[in-house]
Structure formats: C-alpha cells, structure tokens
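Now for the letters of each chain:
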Amino acid sequence: MDIRNLDYNELENYLVRIKEPTFRTKQLFSWLHARQITDLGEAHNVGKKLLQNLAADGYNLENPEVKQRFVSKDGTEKYLMALSDGALIESVLMRYRGDYSKQRNTLCVSSQVGCAMGCVFCATGHQGFERNLTTEEILAEIYTANGIVKANEQNQEIRNIVFMGMGEPFNNFDNVMKAIRILCHPFGMNLSPRRITISTCGVVPKLIEFADLDTDVGLAISLHASNNRDRDALMPVNHAYPLESLIEACEYYEKKTKKRISFEYALIENVNDQKKHVDELKSLLKNLDCHINVIPVNTVSHNKTLLRPDRQHIHRFIEMLRAAGIGASVRQEKGADINGACGQLKTDYSQAH
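Residues numbered from 1 in each chain as written. Predicted model: local features only at pLDDT ≥ 70, side-chain atom pairs only at ≥ 80, totals over all residues. Heavy atoms only, no water.

S.K.: Any chance you could break down the overall build of the protein for me, citing the residues and the numbers?
M.R.: Scanning the protein from N- to C-terminus turns up 13 helices and twelve strands. The C-alpha radius of gyration computed for the protein amounts to 21 Å, which stays within 12% of the reference 20 Å derived for 353 residues, consistent with globular compactness. Over its C-alpha atoms, taken along the principal directions, the protein stretches across nearly 70 × 45 × 35 Å. Every one of the 353 residues in the protein was classed for burial, and the buried ones make up 54%. Long-range pairs, those at least 24 residues apart, make up 66% of the contacts in the protein between residues at least 6 apart in sequence. Here the protein contributes 43 positively and 44 negatively charged side chains, and the mean placements of these two sets differ by 4 Å. (Helix = DSSP H or I, 4+ residues; strand = E, 2+ residues; numbered from the N terminus. Rg over C-alpha atoms; globule rule 2.2 N^0.38 Å. Buried < 20%, exposed > 50% of the residue type's maximum accessible area, 1.4 Å probe, protein only. Contact = heavy atoms within 4.5 Å. Lys, Arg positive; Asp, Glu negative; His and termini not counted. Charge placed at Lys NZ, Arg CZ, Asp CG, Glu CD.)

S.K.: Lay out the packing of aromatic side chains with the relevant residues and their values.
M.R.: Note on aromatic pairs: each is described by the distance of the centres and the angle between the planes. Applying the stated criterion to the full structure yields seven aromatic pairs. Seen from their ring centres, Phe-170 and Phe-210 are 5.5 Å apart, and the 50° between their planes marks the pair as tilted. Of this pair, Phe-170 sits in the loop between β7 (160-163) and α6 (173-183) while Phe-210 sits in helix α7 (residues 204-213); the two residues are 40 residues apart in sequence, bridging distant segments of the chain. In terms of burial, Phe-170 and Phe-210 fall into one category: buried. Site record: aromatic cluster; members linked through ring pairs are Phe-170, Phe-173, Phe-210 and Tyr-253. The ring of Phe-70 has Lys-78 sitting right over it, with the charged end atom 4.9 Å from the ring centre. Its guanidinium or amino end placed over the ring of Tyr-96, Arg-104 lies 4.0 Å from that ring's centre, counting from NZ or CZ. (Phe/Tyr/Trp six-rings, centres within 6.5 Å; stacked < 30°, edge-to-face > 60°. Lys NZ or Arg CZ within 6 Å of the ring centre and 35° of its normal.)

S.K.: Explain the pattern of salt bridges to me, using residue names and the numbers behind them.
M.R.: If the charged atoms of two oppositely charged side chains come close together, the side chains can form a pair. If you walk through the whole model with that rule in mind, you get 19 salt bridges. Two residues, Glu-137 and Arg-131, come together in a salt bridge whose shortest N-O distance is 2.9 Å. Where salt bridges share partners, they join Arg-69, Glu-77, Arg-95 and Glu-153 into one cluster. (Salt bridge = Lys/Arg side-chain N within 4 Å of Asp/Glu carboxyl O.)

S.K.: Give me the lowdown on the sheet that holds strand β11 (residues 290-296), citing residues and values where you can.
M.R.: Strand order in this open sheet of ten strands is β1-β2-β3-β4-β7-β8-β9-β10-β11-β12, and the pairing throughout is mixed. Sheet topology places β1 (65-71) and β12 (327-330) at the edges, where each strand pairs with a single neighbour. Within this sheet the neighbouring strands show an average axis-to-axis angle of 20°, counted without direction. In terms of strand pairing, strand β10 (residues 261-267) meets β11 through seven bridges, oriented parallel. If you follow Ile-261 over to β11, its bridge partner there is Cys-290. Along the sheet face, α6 touches β7 and β8 (196-200) and points at about 170° away from the line of β8. Of the strands in this sheet, β10, β11 and β12 touch helix α12 (residues 311-323), which is tilted by about 165° from β12. (Pairing = 2+ DSSP bridges. Axes fitted to C-alpha atoms, helices over the stretch in contact; angles between N-to-C directions.)

S.K.: Let's hear about the state of the cysteines: which residues, and what values?
M.R.: Under the definition given, this model contains zero disulfides. Unpaired in this structure, Cys-250 has its nearest cysteine sulfur neighbour in Cys-290, at a distance of 8.6 Å. (Disulfide = S-S within 2.5 Å.)

S.K.: I'd like to hear about unusual backbone geometry, residue by residue, with values.
M.R.: The phi dihedral of Gln-36 falls on the positive side, at around 55°, and the residue is not glycine. With respect to the secondary-structure elements, Gln-36 resides in the loop between α2 (23-33) and α3 (48-56).

S.K.: Which residues make up the environment of Phe-263, and what values do they have?
M.R.: With respect to the element layout, Phe-263 can be found in strand β10. Residues Phe-263 and Cys-290, spaced 27 residues apart in sequence, show a C-alpha to C-alpha distance of 7.2 Å. Once you skip the residues sitting within four places of it in the chain, Phe-263 turns out to touch Ile-221, Leu-223, Ile-247, Cys-250, Leu-285, Leu-288, Cys-290, His-291, Ile-292 and Asn-293.

S.K.: Lay out the environment of Trp-31 with the relevant residues and their values.
M.R.: The residue Trp-31 is located in helix α2 in this model. With 122 residues separating them in the primary sequence, Trp-31 and Glu-153 have C-alpha atoms 22 Å apart. Setting aside anything within four residues of it in sequence, one finds Trp-31 in contact with Gln-36, Ile-37, Glu-42, Ala-43, His-44, Asn-45 and Val-46.

S.K.: Which residues make up the pairing of strand β9 (residues 218-222), and what values do they have?
M.R.: Within β9, four of the five residues are buried, which leaves it mostly tucked inside the rest of the structure. Direction of pairing for β8 relative to β9: parallel, over a ladder of four bridges. Within β9, the residue paired with Ser-199 across the bridge is Ala-220. Between the parallel elements β8 and β9, the chain passes through α7 in a crossover that is right-handed. The pairing of β9 with β10 spans three bridges and is classified as parallel. By the bridge assignment, Ile-221 is partnered in β10 with Phe-263. (Right-handed = clockwise from strand over helix to strand, strands pointing away.)

The analysis is restricted to geometry; functional conclusions fall outside its scope.
Spelled out as structure tokens, the structure:
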C-alpha cells in the first residue's frame, strides 16, 4: 500500500492517529513529494519508530520499473514503465529549449492503462482499456520520469505536466484531481496549477464538474471534427456526448471560470481539412473564446487510411481558420520517430523486446 496515496490532510490524520508529533507531517510529505524518495528508509530524520509503524501498517513505496527508454533525435524521451501488477504505461518527456517557446521540460502523463475511448486515429484506443491508474501510480510515474531528468541533465527537472498520455483523464477524474492537488502542494513538488493541463475527449458530465472546481489547471478538448457525422466516425464518445452538448458544456466552463479553452484538432487529409470544415468550425465555436491546436495526424500501425496533409495544405488550413476569426497554430511536433507523438502511444514491449 503506497503511502503517496495520502494527501497532506490524510497523512496528518494518520500520523495523529498513531501518536506522531504534528511536525512529522511536513517532514514526511516533503520526503515523499518534494525530494521524491524511492524508499521510505531514505527519510532519515523522521525517526525509526515512525518507519516501523509505517511498515507495520503495510505502507511502502511502489515504484514503476522503467522497461525501456527511447530517445528521439529532437531530444524527446519516451519511457515504457511497468506498474507493480505488471501493467504497462508510457510517458513522454518533451524538452523545449527556446526555439519556439520558453525553456521547459514537459511530461505527457498517462492516467489509465490503455483507453476505452476508441478514437480511430489513436494507437492507445486501439489497444483497449485495462484499468485506471491510482493516485499514487500517477505520482510515481511523474517522480520516476523526474528522477531520470535530474540524473541526466544538471539543474533540470520537470515543471510542466500535461495529462495527454494514455487514457481519458476525466474517466479517472478523482484520482487525477487528487494527484494534481498533491503535485501543487507547497510542501511537495509545488507545481503551479497553471503549468498543468488536462486533455479530454469531451466527457461532458466531468467537464461540468471540472468547471465547478474553478481551478487554474488548463483544459484542452479533443475536437477533431466540425460536425457530428465526422466526429461520430472518428470518436465514439460523440455518440454519448454529441457536439451540441459538448459546446454547451464548454460555454458553461468559460462562463464559470473566465478561462479560454484550447481545442485539439487532428488534421486528416480529405476528412476534416476542407473549407467547408472551417465554415462549420466558425459556426460551432462562435460563442467561445478559444484556440485550435492543429495536429497533423500521426501514423499509427492499426490504421493506414488516415493520411497526413502535406505542409502546404496544413499552412493553408491554418490561414483559413485565422481568416474565419479563429485563433489557430500548428502544435510543435515531438518524438514521432520513437512513436511518442500525439496518438502514437501503445505499450508493445513484448514485440519491441
């Protein structure tokens, strides 16, 4: 039982219950989440009695095993990790060094083993769904990647998190939000919520619940189509939550939080890349303050029919969006050569190994 599952208040309540002094809470929490120890024995100043009590109560640290580490020519790294039950996930470290943006290290985090959403352009969805990650597994995934960064690059660490890896974060809502609270705690990693973004396919009830939290965590919505017919074909979630209900929820989110929404749009040749699609997007998004991140579709092994438009056509599509009054840009691509780009994550260790 990994003690990192306890948030600060829960840890404090536990330590009070076992009659530890209150200052131990900050000490232990900092060891776990600021220093990110991998063994409880490393918390050398919390006292032998506390360590013995933790062991007696079944608490430990369950760290994922890094099965493979892939390094892209652009500096992106992909980590294939095995969880304690053998389930496999992938995380992607994206290094930005000032070419198009401020210097930063961003980790693309998985929140589920596989994914149940079944988007046709996504390798993870083709893999199927196994289970949700627990709060402590999400944290251990991040801390493991952060340990690799710090060990290999002086004065570098992960300070930006995007929940855009394997899985639909809003289908693991409670565990993801609890992990974020712990990541942002001042005695832990102390991340700013503004440096964290959640990407969702558009699970409308959870989108509304997220809006009601009124957090500074960023929101990105996978749109990928301008009408229900096309979105039904690309994203099965649209059958449950069609565009009308999704846009209504987006409008509620903006009214509640006063924050802009980013839409992700996988550009597919002769599917969603024509002038008529721009016109439909203009009508669809007319009441929203939003930005579209255009992602030229990436090759996935299970579907060779979805083609990537050429560079000239991508540029033309962006210009059409801007001419329609829609803010748009092409997402800087990272890690395509190691299958670490958007839609390419799939745990195939047995074949690769």
